[in-house]
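Fold and contact review
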Amino acid sequence: MARLSLERVYESAGRRGTEWRVLVDRLWPRGCTREAVDADEWDKSIAPSPELRRWYAHDVSRFDEFARLYRDELRGEAAAEDLARLRTLSTNRGLVLLTATRDIEYSHANVLLDVLAQSTSRARRRG
């Protein structure tokens, strides 16, 4: 069973068990040293493209379109390997997506969490 969660880097509750913690932002969190961020890896490649990130600019009125466009990027060949690896981690160890975004509800990380949750749910139904 997949164990997925999402946390802000600045408000993280800390590591629990053997979970794998992945920073999913393209840019490093402001004001944080690498030692201060409790992440096992930084996966910039799974974040939205720089062009999409700049277009969205965290304008909540654009979120639905942003989410659709980001999902399109995640369906691309470039993201397939990363998504498969993250799905496996969520099933085997538990996965925490880390982001510096202030408003998690309207963030790429929340869209990514939803994509991973849906795909692992479909895989369980098929299996």
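Numbers given for residues are sequential positions, taken from 1 along each chain in its written order. Per-residue local features are limited, in this predicted model, to residues with pLDDT of at least 70; the limit for side-chain atom pairs, both in listing and counting, is 80 or more; totals at the level of whole chains, interfaces and linings are taken over all residues. Only hydrogens and water are removed before side-chain values are computed, so all heavy atoms of the structure are retained for them.

Observations concerning the pairing of strand β2 (residues 20–23)
When DSSP finds at least two bridges between two strands, those strands are taken to pair. Only DSSP runs of H or I covering at least 4 residues are called helices, and only runs of E covering at least 2 are called strands; the numbering of each starts at the N terminus. In terms of strand pairing, β2 meets strand β4 (residues 95–99) through four bridges, oriented parallel. Each residue of the ladder has a partner; that of R21, found in β4, is V96. Where β2 and strand β3 (residues 41–42) come together, two bridges link them in parallel fashion. The residue of β3 that forms the bridge with V22 is E41.

Quick notes on the packing of aromatic side chains
Aromatic pairing here means that ring centres of Phe, Tyr or Trp (its six-membered ring) are within 6.5 Å. Orientation follows from the plane angle: under 30 degrees is stacked, over 60 is edge-to-face, and everything else is tilted. Counted by the stated rule, this structure contains six aromatic pairs. Relative to F66, the ring of F63 has its centre 6.2 Å away and its plane inclined at 40°; by these criteria the two rings are tilted. Residue F63 and its partner F66 are both found in helix α2 (residues 63–74); the two are separated by three residues, about one turn of the helix. Comparing F63 with F66 shows no difference in burial state: the two are buried. Grouped by ring-pair contacts, the aromatic residues Y56, F63, F66, Y70 and Y106 constitute a single cluster. Its end group placed over the ring of W28, R34 keeps NZ or CZ at 4.5 Å from the ring centre. Here, over-ring charges are defined by two tests on the NZ atom of lysine or the CZ atom of arginine: distance to the ring centre within 6 Å, and angle to the ring normal within 35 degrees. Here the guanidinium or amino end of K44 rests over the ring plane of W42, the centre of that ring lying 4.3 Å away. Burial classes: relative accessible area under 20% of the type maximum marks a residue as buried, over 50% as exposed, and values in between as partly exposed (1.4 Å probe, protein chains only).

These figures capture arrangement, not role.
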